[in-house]
Amino acid sequence: MRITMVGTGYVGLVSGTCFSEFGHEVICVDKDQGKIDRLNAGEIPIFEPGLDVLVAKNTKAGRLSFQTDLVSAVEKADAVFIGVGTPSRRGDGQADLTYVFQAAKEIGQAIKDYTVVVNKSTVPVGTGRKVAEILAETCTSDLFDVVSNPEFLREGAAIEDFMRPDRVVVGAETDKSKKVMEAIYRPLSLIQTPILFTSLESSELTKYAGNAFLATKITFINEIADLCEKVGADVHSVAKGIGLDGRIGGKFLHAGPGFGGSCFPKDTRALYQSSLEFEAPIKLVETVINVNESRKIRMADRVITACGGSIDGKKIAVLGLTFKPNTDDMRESPSLDIIPTLCKAGANIHAYDPEGMEEAKSLLSDITFCKDAYEPLEGADAVVIITEWNEFRALDLDRVKSSMKSPIMVDLRNIYEPREMKDLGFEYTCVGRQA
Ligand code: UGA
């Protein structure tokens with residue numbers, strides 16, 4: 001199959017590359033000439049483990065290329081995927097569809113033969129129909145079908161998620177477009193991946209419902225963690241105990257500082273806004289959004305309490321800035337709420353993150369960025385772990401303790417064991433467990 005991917009952001013670049021790994025001929029298009037030049041030179045604009053190897057391999061094999069010219073890329077394609085950004089709109093939090101509609105317009109002007117136009121961007125229910133209307137302004141209806149094919153990959157595990165997904169959801173309503181989508185995903189159906197065909201609306205809503213459900217699961221266990229602290233229970237045991245029930249499942253039950261990233265916060269807001277627009281308000285999602293927002297800010301209080309009620313003039317070491325490990329993405333990271341609150345309370349923040357510091361420099365002012373995990377600890381009054389990078393899981397704790405002024409650790413990801421930390425002489429605070 002000949003595939004054109006419009007947009008080389010996270011979803012576009014990973015999906016386009018993985019499609020070429022399936023054996024399809026893929027052209028990735030982006031308006032940003034600098035980005036295309038860098039991709040053609042083998043540079044990967046995002047941090048995603050394994051992506052560089054796949055891009056190099058498939059570019060070399062002639063199956064993957066990058067260009068700015070959308071017209072020639074669309075003319076050659078059996079399917080054109082829209083993989084552009086849908087950021088939160090200011091004000092109401094609904095997804096901003098400017099880039100999706102602009103891409104649809106340009107695709108419509110370039111289509112010559114029958115082409116399947118596939119929406120891979122995360123878009124509110126009803127967008128597929130609007131894309132079809134835009135295409136119909138410049139194309140006759142026999143020249144295209146619109147399909148919805150949401151993406152479920154996680155940053156940091158994107159290649160594995162794309163190559164071995166739990167399922168593929170395809171909102172396609174004609175036999176012709178279904179056949180094209182079946183051919184594109186044949187490598188996955190050969191390994192028994194369920195390919196679920198639905199209507200456009202069901203597919204679009206599945207994406208939001210999935211993310212909102214996972215965000216709810218996290219928020220639920222976070223609130224259970226708060227209760228665990230009060231009643232003397234251990235959230236790990238409770239999460240395991242409920243997760244072993246097959247109806248609940250053990251995944252996404254890690255208590256922490258609240259969810260962040262480019263998807264859960266944005267998609268829960270957009271789903272709630274859609275539910276208001278269609279007069280079926282999802283109160284549960286509204287609560288999840290509010291609980292999570294206030295949780296992120298409240299995490300700073302744990303640090304202040306651990307330091308005896310004041311951090312004014314104190315040096316606080318921060319380990320981890322990104323919203324989760326194995327990414328350089330800082331979007332809606334808990335660190336962006338916690339650190340400014342600590343600064344406001346008078347703390348001097350010294351921070352380290354393995355991949356996120358470049359991006360963090362433009363988002364966080366008045367903090368000192370350090371070269372490794374040990375540098376911020378020197379003379380620190382306390383250390384707070386915000387992101388569970390692997391390299392923080394195996395710190396030399398004797399060295400940590402001896403380099404700090406006072407051995408106070410606030411572990412917002414529960415990567416250490418309370419008993420061991422106590423035995424080592426740390427004043428250790430974590431989430432949902434007795435310190
Ligand atoms: C999420 C979904 O997991 C993907 O399936 C989806 O495709 C993607 O959004 C998207 O819509 O594009 P991602 O944002 O990359 O993926 O990251 P997750 O691994 O889901 O983590 C999101 C946030 O939840 C992070 O801040 C993480 O620390 C937090 N989290 C996750 C917890 O606090 N506890 C958990 O048990 C799991």
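Residues numbered from 1 in each chain as written. Predicted model: local features only at pLDDT ≥ 70, side-chain atom pairs only at ≥ 80, totals over all residues. Heavy atoms only, no water.

A. Representation of the pattern of salt bridges. Overall, the coordinates contain 27 salt bridges when judged by the stated rule. With a closest N to O distance of 3.7 Å, glutamate 417 and arginine 433 form a salt bridge. Note that glutamate 417 is positioned in the loop between strand 13 (408-411) and helix 18 (418-423) and arginine 433 in the segment after strand 14 (427-429), a separation of 16 residues in sequence. Residue class for glutamate 417 comes out partly exposed when judged on its relative accessible area of 40%. In this structure, a network of salt bridges that share partners links the residues Asp226, Glu229, Arg295, Arg298 and Arg302. (Salt bridge = Lys/Arg side-chain N within 4 Å of Asp/Glu carboxyl O. Helix = DSSP H or I, 4+ residues; strand = E, 2+ residues; numbered from the N terminus. Buried < 20%, exposed > 50% of the residue type's maximum accessible area, 1.4 Å probe, protein only.)

B. Local environment of the nonpolar core. Within the largest apolar cluster, 58 residues are counted, with the highest numbers of intra-cluster contacts made by Ile316, Leu321, Leu342, Ile349, Met409 and Tyr416. Considering each element in turn, this core owes the most residues, 5 residues, to helix 13 (residues 283-306). Setting aside anything within four residues of it in sequence, one finds leucine 342 in contact with Ala300, Val303, Ile304, Ile311, Ile316, Ala347 and Ile349. In this structure, Met5, Ile36, Leu51 and Val55 belong to the second largest nonpolar core, which totals 37 residues. (Core = buried A, V, L, I, M, F, W, Y, C linked by side-chain atoms within 4.5 Å. Contact = heavy atoms within 4.5 Å.)

C. How the structure looks around the packing of helix 5 (residues 98-110) against helix 6 (residues 127-136). Contact pair helix 5 / helix 6: the axes reach a minimum separation of 8 Å and the direction vectors enclose 35°. Between helix 5 and helix 6 lies a crossing whose hand is right-handed. Side by side, helix 5 and helix 6 meet where Val100, Phe101, Ala104, Lys105, Ile107 and Gly108 of the first sit next to Thr127, Lys130, Val131, Ile134 and Leu135 of the second. (Axes fitted to C-alpha atoms, helices over the stretch in contact; angles between N-to-C directions. Left-handed = near helix turned anticlockwise from the far one by under 90°.)

D. How the structure looks around the site of the ligand. Surveying the vicinity of the ligand reveals 19 residues, the closest of which are Phe152, Leu153, Glu155, Lys207 and Asn211. At 3.4 Å, a backbone N or O of glutamate 151 approaches an oxygen atom of the ligand. In the environment of the ligand, an oxygen atom lies 2.9 Å from a nitrogen or oxygen atom belonging to the backbone of glycine 260. If the ligand stood free it would expose 710 Å²; the protein chains cover 92% of that surface. Secondary structure elements with two or more residues in the shell around the ligand: helix 10 (200-231) and helix 12 (264-277). Sort the elements by how many residues they give to the shell around the ligand and helix 10 lands first, with 3 residues. Considering only residue class, the shell around the ligand consists of 9 nonpolar, 3 polar and 7 charged. No fewer than three residues from each of domain 1 (2-198) and domain 2 (205-435) sit in the shell around the ligand. (Near = heavy atom within 4 Å. Polar contact = N/O pair within 3.5 Å; in protein donor to acceptor, adjacent residues only side chain to side chain. Areas by Shrake-Rupley, 256 points an atom, 1.4 Å probe, with all protein chains shown as cover. Nonpolar A, V, L, I, M, F, W, Y, C, P; charged D, E, K, R; others polar. Domains from an automatic or database assignment.)

E. A look at the side chain of serine 262. Structurally, serine 262 is set in the loop between helix 11 (235-243) and helix 12. For serine 262, a relative accessible area of 13% puts it in the buried group. Excluding residues within four positions of it along the chain, serine 262 makes contact with Glu155, Asp329 and Arg331.

F. Spatial organisation of the domain arrangement of the chain. As far as domains go, the chain holds domain 1 (2-198) and domain 2 (205-435). Taking only C-alpha atoms, the centre of domain 1 and the centre of domain 2 are 33 Å apart. Contacts between domain 1 and domain 2 engage 23 residues on the former and 23 residues on the latter. Summed over the shared surface of domain 1 and domain 2, the number is 1 salt bridge. Here domain 1 and domain 2 share 8 residue pairs in polar contact (both at pLDDT 80 or more) between them. The residue inventory of the side of domain 1 that touches domain 2, partitioned by class, reads 12 nonpolar, 6 polar and 5 charged.

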